[in-house]
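Geometric and topological summary
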Amino acid sequence: QVQAVESGGGLVQPGGSLRLSCAASGSIFSIRAMAWHRQAPGKQRELVAHITSTGTITYADATYADAVKGRFTVSRDNAKNTVDLQMNSLKPEDTAVYYCKASGLSTDFRNFEVWGQGTLVTVSS
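All of the points below concern the structure found in this document. (Residues numbered from 1 in each chain as written. Predicted model: local features only at pLDDT ≥ 70, side-chain atom pairs only at ≥ 80, totals over all residues. Heavy atoms only, no water.)

Some details on the nonpolar core
- Counting 30 residues, the largest nonpolar core has Met34, Trp36, Leu85, Met87 and Tyr98 as the members making the most contacts within it.
- With near-sequence residues (within four places) excluded, methionine 87 lies in contact with Gly16, Ser17, Leu18, Leu20, Arg71, Phe72, Tyr98 and Val121. (Core = buried A, V, L, I, M, F, W, Y, C linked by side-chain atoms within 4.5 Å. Buried < 20%, exposed > 50% of the residue type's maximum accessible area, 1.4 Å probe, protein only. Contact = heavy atoms within 4.5 Å.)

Dropping the structure here:
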């Protein structure tokens, strides 16, 4: 089995910064992509940032939602199966539960897609 666990949420003032981390663990052969999504109260879950990597080559293609471009940065550590989300210039509208998602191949060569339990980010003065 594969699982993903997030950490790093909390309360921050507008204009502040937070860094979220997610670690995938378990029967992982390889991870194709990791992503951060968020769900604000009364709204649908939306993609925030997505990052891929290919094999052993240090290549990562990151994409972002328009609402966070220029403020959020996603990064991966392929050796540790972790993904971080650095969030700067936070706005009240960034308040949401942030979820990590990992997809890839397990050690028995089955595709997997797992979600973390979510971490709450609250931006408020």
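Once the structure has been displayed, the description carries forward.
Observations regarding the pattern of salt bridges
- Inspection of every chain in the model, using the stated rule, returns seven salt bridges.
- Across the pair aspartate 84 and arginine 19 runs a salt bridge whose closest N-O atoms are separated by 3.2 Å. Of this pair, aspartate 84 sits in strand E8 (residues 82-87) while arginine 19 sits in strand E3 (residues 18-26), and the two are 65 residues apart along the sequence.
- For aspartate 66, the salt bridge goes to lysine 69, with nearest N and O atoms at 3.2 Å.
- Residue aspartate 66 is classed as exposed on the basis of its relative accessible area of 64%.
- Salt bridges here are not isolated pairs; linked through shared partners, they connect Arg38, Glu46, Arg71 and Asp94. (Salt bridge = Lys/Arg side-chain N within 4 Å of Asp/Glu carboxyl O. Helix = DSSP H or I, 4+ residues; strand = E, 2+ residues; numbered from the N terminus.)

A look at the state of the cysteines
- Enumeration over the complete set of coordinates arrives at one disulfide.
- Between cysteine 22 and cysteine 100 runs a disulfide, and the two sulfur atoms are separated by 2.0 Å. Looking down the S-S bond of the cysteine 22 and cysteine 100 bridge, the torsion is -75°, so its handedness is left-handed. Residue cysteine 22 is located in strand E3, and its partner cysteine 100 is located in strand E9 (residues 96-106); the two are separated by 78 residues in the primary sequence.
- What makes cysteine 100 buried here is its relative accessible area of 0%. (Disulfide = S-S within 2.5 Å.)

A word on the sheet that holds strand E1 (residues 2-7)
- Pairing within the open sheet is antiparallel, and its four strands lie in the order E1-E3-E8-E7. Of all the strands in the sheet, the pair left with one neighbour each is E1 and strand E7 (72-77). Strand-to-strand, the axes of this sheet are offset by a mean angle of 15°, without reference to chain direction.
- Alignment of E7 against E8, held across six bridges, turns out to be antiparallel. Looking at E8, one finds that threonine 73 is bridged to glutamine 86. (Pairing = 2+ DSSP bridges. Axes fitted to C-alpha atoms, helices over the stretch in contact; angles between N-to-C directions.)

Points about unusual backbone geometry
- Its identity as a non-glycine residue notwithstanding, asparagine 81 has a phi of 55°, on the positive side.
- Turning to its location among the elements, asparagine 81 is positioned in the loop between E7 and E8.
- Residue serine 89 is not a glycine yet carries a positive backbone phi of 50°.
- Among the structural elements, serine 89 can be located in the loop between E8 and E9.
- Serine 89 sits in the partly exposed class, given a relative accessible area of 41%.

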